[in-house]
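Listed below, chain by chain, are the residues.
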Amino acid sequence: NHLLKPLGFGGLRIPDGSHMSHFYSGKEEAFGVSLPYAAEGLKLGEVVLVVMPPGRGKELLMNLERQGHSVAARLKNGQLKVSEGMDSPESMIRYLAGYVKEAGQFRLVGDGIWAIRKGWDSAAFRILEESANSLCLRNGKLFLCQYSLEDFTGADIMMAAELHEQIIYKGRLEKSPYYAHLKT
């Protein structure tokens, strides 16, 4: 698969079917990636699923509206969906699998803080991320998982680096050297 999809910020493009992580410090840096990423998906006619705690999800929708995206219409027609996440990795995997199966062009942005707020531990997060690798490796699917450097442990951040082929940090997109080692 050689199609490069625009991420919506910094002129960055990534292979279709990618599962990437974004390590960030602070809400502004998180929205600096999640907002243009979601907006790009809407612009391209993709189904966009946003998984964030309620306050963050609402703020993202308000910012999309300010940018001229008809949020209410897109929520109504199913092009845009906001979720607070599920209570277990198994239920979240089923939820995501439904979107992957039903949606043609699809992109997900998930800020991992939602899982922390639901009480997930590192093992639960690993189950979800390992499953996400198989879910998104299809044409027309992009998964962006955000990790707050203030809220996740160093071990969690390293787990994310191991389970995502691409990492976005400080506006740069790089292949994860840790992901390649897992495949050998």
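If you're wondering where the values come from, they're calculated on a predicted model, not measured in any experiment.

Caption draft 1: Expanded view of the packing of aromatic side chains. Applying the stated rule across the entire model yields nine aromatic pairs. On the basis of an interplanar angle of 75° and a centroid distance of 6.1 Å, the ring pair of Phe23 and Tyr147 is categorised as edge-to-face. Taken as a pair, Phe23 in strand β3 (residues 19-24) and Tyr147 in strand β7 (residues 141-148) lie far apart in primary sequence, 124 residues in all. By relative accessible area, Phe23 is classed as buried at 7%. For the ring pair Trp114 and Trp120, a centre distance of 4.8 Å and an interplane angle of 70° mean the geometry is edge-to-face. Owing to a relative accessible area of 10%, Trp120 belongs among the buried residues under this scheme.

Caption draft 2: Seen up close, the nonpolar core. Core analysis: the biggest nonpolar cluster contains 32 residues, and Leu49, Met92, Leu96, Phe106, Trp120, Phe143 and Tyr147 have the highest contact counts within it. Only β4 (47-51), α4 (89-102), β6 (106-111), α5 (113-117), α6 (122-136), β7 and α7 (154-163) provide two or more residues apiece to this core. In contact with Tyr147, other than residues within four places in its own chain, are Ser21, His22, Phe23, Tyr24, Phe125, Glu129, Phe152, Asp156, Ile157, Met159, Ala160 and His164. Core analysis: the next-biggest nonpolar cluster, separate from the first, contains 25 residues, Ile14, Met20, Leu64 and Leu142 among them.

Caption draft 3: View of the pattern of salt bridges. What the rule picks out here adds up to 11 salt bridges. Between Glu46 and Lys5 there is a salt bridge, and its shortest N-O distance comes to 2.7 Å. Remark: Lys5 occurs in strand β1 (residues 4-6) and Glu46 occurs in the loop between α1 (27-43) and β4; sequence separation between them is 41 residues. Here the two residues Glu46 and Lys5 agree in accessibility, since each one is buried. We note a salt bridge from Asp111 to Arg56, for which the minimum N-O separation is 2.8 Å. Remark: Arg56 occurs in helix α2 (residues 54-66) and Asp111 occurs in strand β6; sequence separation between them is 55 residues. Take Arg56: its relative accessible area is 16%, and that puts it in the buried class. Bridged by salt links that share partners, the residues Lys5, Glu46 and Arg107 form one connected network.

Caption draft 4: Highlighting the pairing of β4. Taking burial as the measure, the five residues of β4 include five buried ones, the bulk of the element. Taking every second residue as pointing to the same face, both faces of β4 are buried, with Val47, Leu49 and Val51 on one and Val48 and Val50 on the other. Alignment of β4 against strand β5 (residues 80-83), held across four bridges, turns out to be parallel. When the sheet's bridge partners are listed, Val48 is paired in β5 with Leu80.

Parameters at a glance
Residues numbered from 1 in each chain as written. Predicted model: local features only at pLDDT ≥ 70, side-chain atom pairs only at ≥ 80, totals over all residues. Heavy atoms only, no water. Phe/Tyr/Trp six-rings, centres within 6.5 Å; stacked < 30°, edge-to-face > 60°. Helix = DSSP H or I, 4+ residues; strand = E, 2+ residues; numbered from the N terminus. Buried < 20%, exposed > 50% of the residue type's maximum accessible area, 1.4 Å probe, protein only. Core = buried A, V, L, I, M, F, W, Y, C linked by side-chain atoms within 4.5 Å. Contact = heavy atoms within 4.5 Å. Salt bridge = Lys/Arg side-chain N within 4 Å of Asp/Glu carboxyl O. Pairing = 2+ DSSP bridges.

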